[in-house]
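So you can see what is in the structure, the chains are spelled out below.
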Amino acid sequence: MAKTAQDREDHARVRAAESRLEFAVAGSFTLLLAGTLAYVHFLFAPITPPATLWTWTSLTGVVIGLMMLLPLTVLLRRPDDAEINRIWSPAGKVVAVLYNLVIVASIWMLLPYASEPLRLLMVIFYAAAISGQVISTAESIGNIAFGVISVFGSAALFFLNTPGPYSGGLALFLVAFGALMLGVALALKYAVRAAIKAKLQAEAVSEDLATALAV
């Protein structure tokens with residue numbers, strides 16, 4: 001059934017509201033991510049060639065800077081729904097892809113130099129990184145699916161090709177945890193969308209009631 005102009009307008013309002021919520025949550029999440037970056041750099045500094053480590057740290061620092069700049073810009077500009085959907089939401093998706101790529105890069109650039117305990121710690125970091133993305137960008141299922149497949153898939157391949165007492169178990173855990181994150185993301189997306197629609201409908205009813213009372 002073809003959508004009416006009102007349907008399209010309502011959909012645009014919901015999408016813009018979702019994006020505003022994502023930017024607000026992502027801004028807070030990025031502060032934690034910046035601290036984690038510094039800690040990871042500290043852990044790998046004694047064991048990783050400086051050129052390799054600083055290349056990864058610099059790239060990750062640029063992405064984190066973009067992740068901080070984007071929500072701040074939206075907060076200060078206060079763009080309307082059309083601008084959010086046309087410019088800022090797509091920009092947020094691009095930055096999310098870059099975020100996933102620098103995490104994937106850490107698997108192949110840093111983990112080969114790590115001890116078994118440090119690799120286990122990095123698995124916790126990867127799980128937290130994707131969980132944070134699920135929470136902060138629930139609307140972007142495509143981005144989340146890309147993050148889960150690229151990060152957990154790369155990590156599972158790394159462990160399957162790296163001998164170790166926990167390699168097989170870690171690979172299996174990463175695949176299972178990735179599937180769980182996709183399920184959580186879908187459930188969270190529909191819950192957030194339903195809540196936003198209910199809020200917008202309540203606001204519309206309140207406006208109509210206020211208009212009726214003013215007549």
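Calculation notes
- Residues numbered from 1 in each chain as written.
- Predicted model: local features only at pLDDT ≥ 70, side-chain atom pairs only at ≥ 80, totals over all residues.
- Heavy atoms only, no water.
- Helix = DSSP H or I, 4+ residues; strand = E, 2+ residues; numbered from the N terminus.
- Buried < 20%, exposed > 50% of the residue type's maximum accessible area, 1.4 Å probe, protein only.
- Lys, Arg positive; Asp, Glu negative; His and termini not counted.
- Salt bridge = Lys/Arg side-chain N within 4 Å of Asp/Glu carboxyl O.
- Polar contact = N/O pair within 3.5 Å; in protein donor to acceptor, adjacent residues only side chain to side chain.
- Contact = heavy atoms within 4.5 Å.
- pLDDT = per-residue confidence, 0-100.
- Core = buried A, V, L, I, M, F, W, Y, C linked by side-chain atoms within 4.5 Å.
- Expected span 1.5 Å × (residues − 1).
- 1 Å grid on protein atoms, 1.4 Å probe; cavity = no way out; pocket = protein on both sides within 12 Å on 5 of 7 lines; lining within 4 Å.
- Points joined across faces, edges and corners; volume = space filled by probe spheres on them.
- Nonpolar A, V, L, I, M, F, W, Y, C, P; charged D, E, K, R; others polar.
- Phe/Tyr/Trp six-rings, centres within 6.5 Å; stacked < 30°, edge-to-face > 60°.

This paragraph deals with the side chain of R119. Looking at the element boundaries, R119 is found in helix α4 (residues 116–136). At 4.3 Å, E116 is the nearest oppositely charged side chain to R119, a buried residue that forms no salt bridge. At 3.1 Å, the side chain of R119 forms a polar contact with the backbone oxygen of L111. Once residues lying within four places of it in the same chain are set aside, the contact partners of R119 are L111, P112, A114, F158, F159 and T162.

This paragraph deals with the confidence of the model for the chain. The predicted model of the chain averages 81 in pLDDT, with 74% of residues at 70 or higher. Looking across the chain, the model is least confident in helix α1 (residues 5–44), with a mean pLDDT of 71, and most confident in helix α5 (residues 141–160), with 90.

Note that L182 resides in helix α6 (residues 167–214). Taking the C-alpha atoms as reference, L182 lies 7.3 Å from I144; in sequence the two are 38 residues apart.

Here we come to the nonpolar core. One finds F44, Y99, L111, Y126 and F152 to be the most contacted residues of the largest nonpolar core, which totals 44 residues. When residues in this core are grouped by element, the largest group, nine residues, is from α4. In contact with L111, other than residues within four places in its own chain, are F44, S106, R119, M122, Y126, F158 and F159.

Attention now goes to α5. With 20 residues, α5 extends 27 Å between its outermost C-alpha atoms, agreeing within 8% with the 28 Å of an ideal straight helix rising 1.5 Å per residue. The complete set of buried residues in α5 reads N143, I144, G147, V148, S150, V151, F152, S154, A155, A156, F158 and F159.

It is worth spelling out helix α2 (residues 50–77) at this point. With 28 residues, α2 should reach 40 Å at 1.5 Å per residue; the first-to-last C-alpha distance of 40 Å fits that figure. L53, W56, T57, T60, V63, I64, M67, L70, P71 and V74 are the residues of α2 that are buried. Looking at the residues trailing α2, positive phi occurs at R78, about 50°.

Going through the model one piece at a time under the given rule, you end up with two cavities of 30 Å³ or more. Counted as a void, the second largest cavity has a volume near 70 Å³. Looking at the second largest cavity, the residues that line it are L33, T36, L37, V40, W56, T60, I64, Y99, V102, I103 and F125. At the level of secondary structure, the elements contributing two or more residues to the lining of the second largest cavity comprise α1, α2 and α3 (81–109). Here the element with the most residues in the lining of the second largest cavity is α1; it accounts for four residues. A breakdown of the residues in the lining of the second largest cavity according to their chemical character gives nine nonpolar, two polar and no charged.

Scanning the model with the defined rule gives five aromatic pairs in all. Consider the rings of W108 and F158, whose centres lie 5.9 Å apart with planes at 75°: the pair is edge-to-face. Of this pair, W108 sits in helix α3 while F158 sits in helix α5; the two residues are 50 residues apart in sequence, bridging distant segments of the chain. Residue classification places F158 among the buried residues on the basis of a relative accessible area of 5%. Each ring, one from F158 and one from F159, has its centre 5.5 Å from the other, and the planes form 80°; the classification is edge-to-face. Accessibility assignment for this pair places F158 and F159 in one class, buried. In this structure an aromatic cluster arises from ring pairing among W108, F158 and F159.

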